[in-house]
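Topology and contacts: notes
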Amino acid sequence: MYPLIISLVALLLIVMIGYNIIQQYKQKVETERRISVAKQHAVISEVDELLLFATKIPFTKILLLILKNRIRNALFIMVNMSPHTASYKEHFADTEAQIKQIKDNYVPPSENSFQFPTNDKEAVTLVKATKKIRAVLRSEHAKGKINTNIFVSENRHLEIIQLKINLETSIKRIIQAKSMKEYSTAKQMIDKLLKILDSIPDKDNELLQKHQLLVNHQNDVSSHLSDNRSTSNDNNHEKNRLLKENAKQKDIEMLFGDKQKW
């Protein structure tokens, strides 16, 4: 009798241990599923935010497809992780339809349609968005989603846009500095921008025009700096202005990005 009871107790313990192991495994799988779905949600949210800039930055057809396919791939994972969630399937179907629409009908805006930022805050926002899009391109390239030629071309396209934003904003600051007779500050910015432009072998017409404009400003500023009529008071005033301008310049410094690549 006792051996039977002991055997039943042992069997019950084994069943309970097995049940606990199965439950722990299910919990682990569910936790991993939730983490994976949350990660894909984050990817989709990030790309959706970047797509909002399509009205401000001229997206090529290829770039738009890269971003939409990134959303599609995230949704594909979510559908496989949660096959019974109807909203994921609907979102996936809608995204595939959008991709087809882009392939068939999308006409990218011309480069001339690009509207430059009207103030420093907007310029910083656009530069941040451009950097994030370039980070997405690097990620997709590293995963083998896009080939090297496409990556290089699209990354360069965004890099030039980033530079043009920097140029437009900085030239406005140069003009402002000149109007306030802050010629040393203006010269500092001009020299920095010309150094960047001189390192670019594939300048388009717009960049060539900006280059010439900066040379004209440089000549004008140099003329003022070499004017013997400048008094010591003017020099002290200029030094104070330079310190103040350098402080204001910190929030726009990011516009230069990685100037070694330009």
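Before reading further, recall that the structure is shown in the block above.
Residues numbered from 1 in each chain as written. Predicted model: local features only at pLDDT ≥ 70, side-chain atom pairs only at ≥ 80, totals over all residues. Heavy atoms only, no water.

**Thoughts on the overall build of the protein**
What the protein contains, in helices and strands, is eight helices and zero strands. Shown N-terminal to C-terminal, the secondary structure of the protein runs as helices and strands in the order α-α-α-α-α-α-α-α. Counting every position in the protein, which comprises 262 residues, the buried fraction comes to 35%. Summed over its atoms, the accessible surface of the protein is roughly 16,100 Å², and 57% of this surface lies on carbon and sulfur atoms. (Helix = DSSP H or I, 4+ residues; strand = E, 2+ residues; numbered from the N terminus. Buried < 20%, exposed > 50% of the residue type's maximum accessible area, 1.4 Å probe, protein only. Areas by Shrake-Rupley, 256 points an atom, 1.4 Å probe, with all protein chains shown as cover.)

**Notes on the nonpolar core**
With 36 residues, the main nonpolar core has L51, F59, L63, L67, L137 and I165 as its most contacted residues. Where this core is concerned, the elements lending two or more residues are α1 (2-51), α2 (61-81), α3 (86-105), α4 (120-142) and α5 (148-179). Top element by residues in this core is α2. It accounts for 10 residues. Beyond its immediate stretch of four places on either side in the chain, F59 contacts L50, L51, F53, A54, L64, L67, Y106, P108, P109 and I133. Counting residues in each nonpolar core, the second largest holds 18 residues, with I160, L163, L167 and I200 among its members. (Core = buried A, V, L, I, M, F, W, Y, C linked by side-chain atoms within 4.5 Å. Contact = heavy atoms within 4.5 Å.)

**Comments concerning unusual backbone geometry**
The phi torsion at K181 lies on the positive side, around 60°, for a residue other than glycine. Within the element layout of this structure, K181 appears in the loop between α5 and α6 (183-198).

**Structural notes on the environment of E49**
Its location among the elements puts E49 in helix α1. For the pair formed by E49 and A129, sequence separation is 80 residues and the distance between their alpha carbons is 8.8 Å.

**A closer look at the pattern of salt bridges**
Pairing between side chains of opposite charge can happen when the charged atoms of each approach one another. Counting across every chain of the model gives 14 salt bridges. A salt bridge links E140 to R70; the nearest nitrogen and oxygen atoms lie 2.6 Å apart. Of this pair, E140 sits in helix α4 while R70 sits in helix α2, and the two are 70 residues apart along the sequence. Take E140: its relative accessible area is 4%, and that puts it in the buried class. Among the ionic contacts, a cluster of salt bridges with common partners joins R134, R156, E159 and D202. (Salt bridge = Lys/Arg side-chain N within 4 Å of Asp/Glu carboxyl O.)

**Describing the environment of K203**
Topologically, K203 is positioned in the loop between α6 and α7 (205-225). Considering only alpha carbons, one finds K203 and I160, 43 residues apart in sequence, at a separation of 9.0 Å. If sequence neighbours within four positions are ignored, K203 has contacts with L197, D198 and L208. Of the polar contacts made by the side chain of K203, one reaches the backbone oxygen of L197; its length is 3.0 Å. In terms of polar contacts, K203 uses its side chain to reach the backbone carbonyl oxygen of I200, at 2.9 Å. (Polar contact = N/O pair within 3.5 Å; in protein donor to acceptor, adjacent residues only side chain to side chain.)

**Quick notes on α7**
Its 21 residues give α7 an end-to-end C-alpha distance of 30 Å, which sits within 8% of 30 Å, the value for a rise of 1.5 Å per residue. Along α7, the residues classified as buried are L207, K210, H211, L214, H217 and V221. Along the long axis of α7, the arc covered by the buried residues comes to 130°, so they all point the same way. Looking at α7, the residues exposed on the side facing more than 90 degrees away from the buried face are N205 and Q209. The inward-facing, buried residues of α7 contact α5 and α6. Its side-chain oxygen placed 3.2 Å from the backbone nitrogen of E206, D204 serves as the N-cap of α7. (Expected span 1.5 Å × (residues − 1). Arc of directions from axis to C-beta.)

**What to know about the packing of aromatic side chains**
All chains considered together, the criterion is met by one aromatic pair. Geometrically, the ring pair formed by F76 and F92 is tilted, given 6.2 Å between the ring centres and 45° between the ring planes. Of this pair, F76 sits in helix α2 while F92 is found in helix α3, placing the two residues 16 residues apart along the sequence. Here the basic side chain of K210 rests over the ring of F116, its NZ or CZ set 5.8 Å away from the ring centre. (Phe/Tyr/Trp six-rings, centres within 6.5 Å; stacked < 30°, edge-to-face > 60°. Lys NZ or Arg CZ within 6 Å of the ring centre and 35° of its normal.)

**Some thoughts on a nonpolar patch on the surface**
Taken together, the side chains of I5, V9, L12, L13, M16, I17 and I21 make up a nonpolar region of the molecular surface, amounting to roughly 650 Å² of accessible area. Position of L12 relative to the elements: it lies in helix α1. (Patch = residues over 30% accessible without salt bridge, like charges linked within 9 Å, V, L, I, M, F, W, Y side chains within 5 Å.)

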